[in-house]
Amino acid sequence: MRVLFYLLSIVIANVVTARFAPLEFGMFIVPMGTLFVGATFIFRDLVQNKHGRAKTYIFIFIALLLSGAVSFSLGDTLMIVAASAISFVIAESADTEIYTRLKLPMAWRVFYSGIVGGLLDSVIFVIVGLSPLGAGFIPWEAVPAAIVGQVIVKTVIQLLGALILKQGLAIKEKRLSSV
């Protein structure tokens, strides 16, 4: 079930990004799919918890292929598909490795690894995909705002996910100790 949520969150992020205009709040520009991208890091951590690091990389590869196919089928340019793939592999790999190495409670590992993954995903995707270096959807002057907007949203999603996990784990622990 965790793997399904992981893969679905990636597909939904692609579909929502392709179908809806970006949110603009103040100077920040945030593709609508960013809400789901933040969730992918949480689901990936849950997959890793259940299946281990090695199998997680298999699921990341499957997700990469699925993401590219969905993105391309939705009419994204080859540059956007490539930028998405590059940012995805780097961000998911960083999240996986940081999550593996942190010796903290699960909720904090999810939070910290997700922040790094989200930052890498945002920087790489905006520069390689959206800037004049890539598809040219936004001018260089808008690049910092696009990156910061995505990082803010992904960090909030990571924080909410970590808090929900922490609460859920506390409830589970309380139930087990009362048995």
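Right above here is the structure, for reference.
Counting of residues starts from 1 at the beginning of each chain's written sequence and follows it residue by residue. Only residues with pLDDT of at least 70 are given local features in this predicted model, and only at 80 or more are side-chain atom pairs given and counted; all residues enter the totals for whole chains, interfaces and linings. As a rule here, side-chain values cover all heavy atoms of the structure and leave hydrogens and water aside.

Novice: Explain the packing of aromatic side chains to me, using residue names and the numbers behind them.
Specialist: By convention, a stacked pair of Phe, Tyr or Trp rings (six-membered ring in the case of Trp) has centres within 6.5 Å and planes under 30 degrees apart, an edge-to-face pair has planes over 60 apart, and any other such pair is tilted. Going through the model one piece at a time under the given rule, you end up with five aromatic pairs. With a centroid separation of 5.5 Å and 50 degrees between ring planes, the pair formed by Phe-25 and Phe-28 is classed as tilted. Between Trp-108 and Phe-111 the ring centres are 6.0 Å apart and the planes differ by 80 degrees, which places this aromatic pair in the edge-to-face class. On the criterion of helical spacing, the pair formed by Trp-108 and Phe-111 is a turn pair, its members being three residues apart in helix 4 (residues 106-130). An aromatic cluster of at least three residues, connected via ring pairs, comprises Trp-108, Phe-111 and Tyr-112. In this structure, Arg-109 is placed above the aromatic ring of Tyr-99, and the distance from its NZ or CZ to the ring centre is 4.0 Å. The secondary structure listing takes helices from DSSP runs of H or I that are at least 4 residues long and strands from runs of E that are at least 2 residues long, numbered from the N terminus. The rule for a charge over a ring is simple: NZ of Lys or CZ of Arg within 6 Å of the ring centre, and within 35 degrees of the ring normal.

Novice: So what's going on with the pattern of salt bridges? Which residues, and what values?
Specialist: Here, a salt bridge means any Lys or Arg side-chain nitrogen found within 4 Å of an Asp or Glu carboxyl oxygen. Tallying each qualifying case throughout the model produces six salt bridges. Ionic pairing is found between Glu-92 and Arg-44, a salt bridge with its closest N-O pair at 3.8 Å. Here Glu-92 is found in helix 3 (residues 78-101), whereas its partner Arg-44 is found in helix 2 (residues 34-73), with 48 residues between them in sequence. The classification of residues rests on relative accessible area computed with a 1.4 Å probe and restricted to protein chains. Under 20% of the type maximum is buried, over 50% is exposed, and intermediate values are partly exposed. On the basis of relative accessibility, which here comes to 1%, the residue Glu-92 falls in the buried class. By relative accessible area, Arg-44 is classed as buried at 0%. Here Glu-97 and Arg-101 are joined by a salt bridge, their closest N and O atoms 2.3 Å apart. One end of the pair, Glu-97, and the other, Arg-101, are both in helix 3, four residues apart, so they sit about a helical turn from each other. Classification of Arg-101 as exposed rests on a relative accessible area of 53%.

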